[in-house]
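Each chain, written out:
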Amino acid sequence: MAVELTHLRDQIDAVDKQMLSLLAQRLALVEQVGEVKSEHGLPIYAPDREAAMLASRRHEAEKIGVPPQLIEDILRRTMRESYASEKDSGFKCLNPELRSVVIVGGNGQLGGLFGRMFTLSGYEVNILGSQDWHRADQLLANAGMVVVTVPIHLTEAVIAKLGNLPPDCILCDLTSVKSKPLATMMKIHSGPVVGLHPMFGPDVPSLAKQVIVYCDGRGEEHYQWLLKQFSIWGASLCQIDAAEHDHGMTLIQALRHFTSFAYGLHLSRENPNIDKLLQLSSPIYRLELAMVGRLFAQDPNLYGDIILSSQENIDMIKRFHRSFGEALAILDSKDKQAFVASFETVSDWFGDYSQQFLDESQKLLKQANDSIHRG
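Residues numbered from 1 in each chain as written. Predicted model: local features only at pLDDT ≥ 70, side-chain atom pairs only at ≥ 80, totals over all residues. Heavy atoms only, no water.

(A) Just the overall build of the protein, in detail. When helices and strands are tallied, the protein shows 15 helices and 7 strands. Each of the three principal axes of the protein carries a C-alpha extent, and together these read 80 × 65 × 35 Å. Taking all 375 residues of the protein together, 36% fall into the buried category. Intrachain contacts of the protein at a sequence separation of at least 6 include 69% that bridge at least 24 residues. Surface exposure of the protein reaches about 23000 Å², of which carbon and sulfur atoms provide 57%. Separation of charge centres in the protein, based on 36 positive and 46 negative side chains, amounts to 3 Å. (Helix = DSSP H or I, 4+ residues; strand = E, 2+ residues; numbered from the N terminus. Buried < 20%, exposed > 50% of the residue type's maximum accessible area, 1.4 Å probe, protein only. Contact = heavy atoms within 4.5 Å. Areas by Shrake-Rupley, 256 points an atom, 1.4 Å probe, with all protein chains shown as cover. Lys, Arg positive; Asp, Glu negative; His and termini not counted. Charge placed at Lys NZ, Arg CZ, Asp CG, Glu CD.)

(B) A look at the packing of aromatic side chains. For the structure on display, the rule yields 15 aromatic pairs. On the basis of an interplanar angle of 85 degrees and a centroid distance of 6.3 Å, the ring pair of Phe350 and Phe357 is categorised as edge-to-face. Given a relative accessible area of 32%, Phe350 falls into the partly exposed group. Ring-pair connections join several aromatic residues into one group, and the members of that group are Phe91, Phe114, Phe118, Tyr123, Phe200, Trp225, Phe230 and Trp233. (Phe/Tyr/Trp six-rings, centres within 6.5 Å; stacked < 30°, edge-to-face > 60°.)

(C) Up close: the environment of Arg58. Within the secondary structure layout, Arg58 lies in helix α2 (residues 47-63). C-alpha of Arg58 to C-alpha of Gly122: the two residues are 64 residues apart in sequence and 39 Å apart in space. In this structure Arg58 touches Pro68, Gln69, Ile71 and Glu72, once residues within four positions along its chain are discounted.

(D) Spatial organisation of the nonpolar core. Among the nonpolar cores identified, the biggest contains 38 residues, and Phe114, Phe118, Met145, Leu196 and Phe230 are the most heavily contacted of them. Once residues within four sequence positions are removed from consideration, Phe114 is found in contact with Ile103, Leu174, Pro198, Phe200, Ile212, Phe230 and Trp233. Counting residues in hydrophobic clusters, the runner-up holds 24 residues, among them Val104, Leu162, Leu182 and Val213. (Core = buried A, V, L, I, M, F, W, Y, C linked by side-chain atoms within 4.5 Å.)

(E) Structural view of the layout of surface pockets. Taken as a whole, the second largest pocket spans an internal volume of roughly 960 Å³. Lining the second largest pocket are 19 residues, and of these Arg76, Arg80, Lys209, Leu364 and Gln367 lie nearest its centre. Across the lining of the second largest pocket, the residue classes break down as 6 nonpolar, 4 polar and 9 charged. (1 Å grid on protein atoms, 1.4 Å probe; cavity = no way out; pocket = protein on both sides within 12 Å on 5 of 7 lines; lining within 4 Å. Points joined across faces, edges and corners; volume = space filled by probe spheres on them. Nonpolar A, V, L, I, M, F, W, Y, C, P; charged D, E, K, R; others polar.)

(F) Examining helix α13 (residues 311-332) more closely. The end-to-end C-alpha separation of α13 is 31 Å, in line with the 32 Å expected for 22 residues at 1.5 Å each. Residues Asn313, Met316, Ile317 and Ile330 constitute the buried set of α13. Looking straight down α13, one finds that the buried residues subtend no more than 115 degrees of arc, so they occupy a single side. Exposed and oriented more than 90 degrees from the buried face of α13 are His321, Glu326 and Asp332. Those residues of α13 that are buried lie in contact with α9 (242-270), α12 (300-307) and α14 (336-350). Positive backbone phi, at 50 degrees, marks Lys334, one or two positions downstream of α13. (Expected span 1.5 Å × (residues − 1). Arc of directions from axis to C-beta.)

(G) Quick peek at the side chain of Glu72. Relative to the elements of secondary structure, Glu72 occurs in helix α3 (residues 68-86). In terms of polar contacts, Glu72 uses its side chain to reach the side chain of Arg58, at 2.6 Å. Here Glu72 is in contact with Leu54 and Arg58, once residues within four sequence places are set aside. (Polar contact = N/O pair within 3.5 Å; in protein donor to acceptor, adjacent residues only side chain to side chain.)

(H) Up close: helix α11 (residues 283-295). For α11, which comprises 13 residues, the first-to-last C-alpha distance of 19 Å matches the rise-based estimate of 18 Å (1.5 Å per residue) to within 8%. At its buried positions, α11 is contacted by α9, α10 (274-280) and α12.

By themselves, these observations are geometric and do not establish any function.
Laid out in structure tokens, this is it:
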């Protein structure tokens, strides 16, 4: 039996090596694709091409007895690597006549990411950091675009210091709140203004499929090239009113970050053995614990700024607290029927999204389970 098993494992190893060779060939072809896209100004992410290719491979896999989801998983992971490597070819510069791009706060992680992307696209990039204000007039005098990316609580004050920009300079910010920064930019600058919110962190390997929200300010015709440049980088654009954006972020960011903070605070006081929790956890509970734990690996000032950025955030969290109290009252009364009735009310509100989210989460959980090593 041992000899037979060893022989089969040797054959599997040989096939794995063939797969490695094929992956290397694919990545080399992707590099060539990236060069062509760069030359012609094509986006690195083409959703129609991706969807058609995946559908074709799934159909071909099914015909030869290979699970369709298997080839899709392999290809999606391969494409993620491909998008990351395609950016190394650089990107077509859509506005070669633009004067310098000045990134205020460009020494930070997010500012550094955008600085690299603009540099890869052939733009001249200058950094205006906290220690550079003595030469701000020199840096800003020839600016074609100024990008403000500083902590939320400093954003409006920093924008207010940019009152002498060239009239045709594009002024934008990358803050996760939009109404007040956009209003401040409109007040101090008479030229083109747009509010931006990248819905991703600075550690993304590429901007393929990442969302950049934009809120129109003034002179939309003058920054359309910028939005197209983002698309070439692979980003998906979402246009929205600034007030509507901020209301959405109250739920998407502030409330979620606060509940993670509160859950982590409670865990620290209960002081369980995290190793034991992980041993007992199914993939979904491990993933939930990871999503809470990752918050505390990051800058507390950033999350404090996000949560405390508006009274609307605090009011929303207070309403959540009341909802939590109402749910707790159901438990205190040990009223299972009331629990079921409330559950069904929420289920009805989610509607078809419940099944959609169930399907999406099952795919995520399979991937999470694959990455777990249990010794």
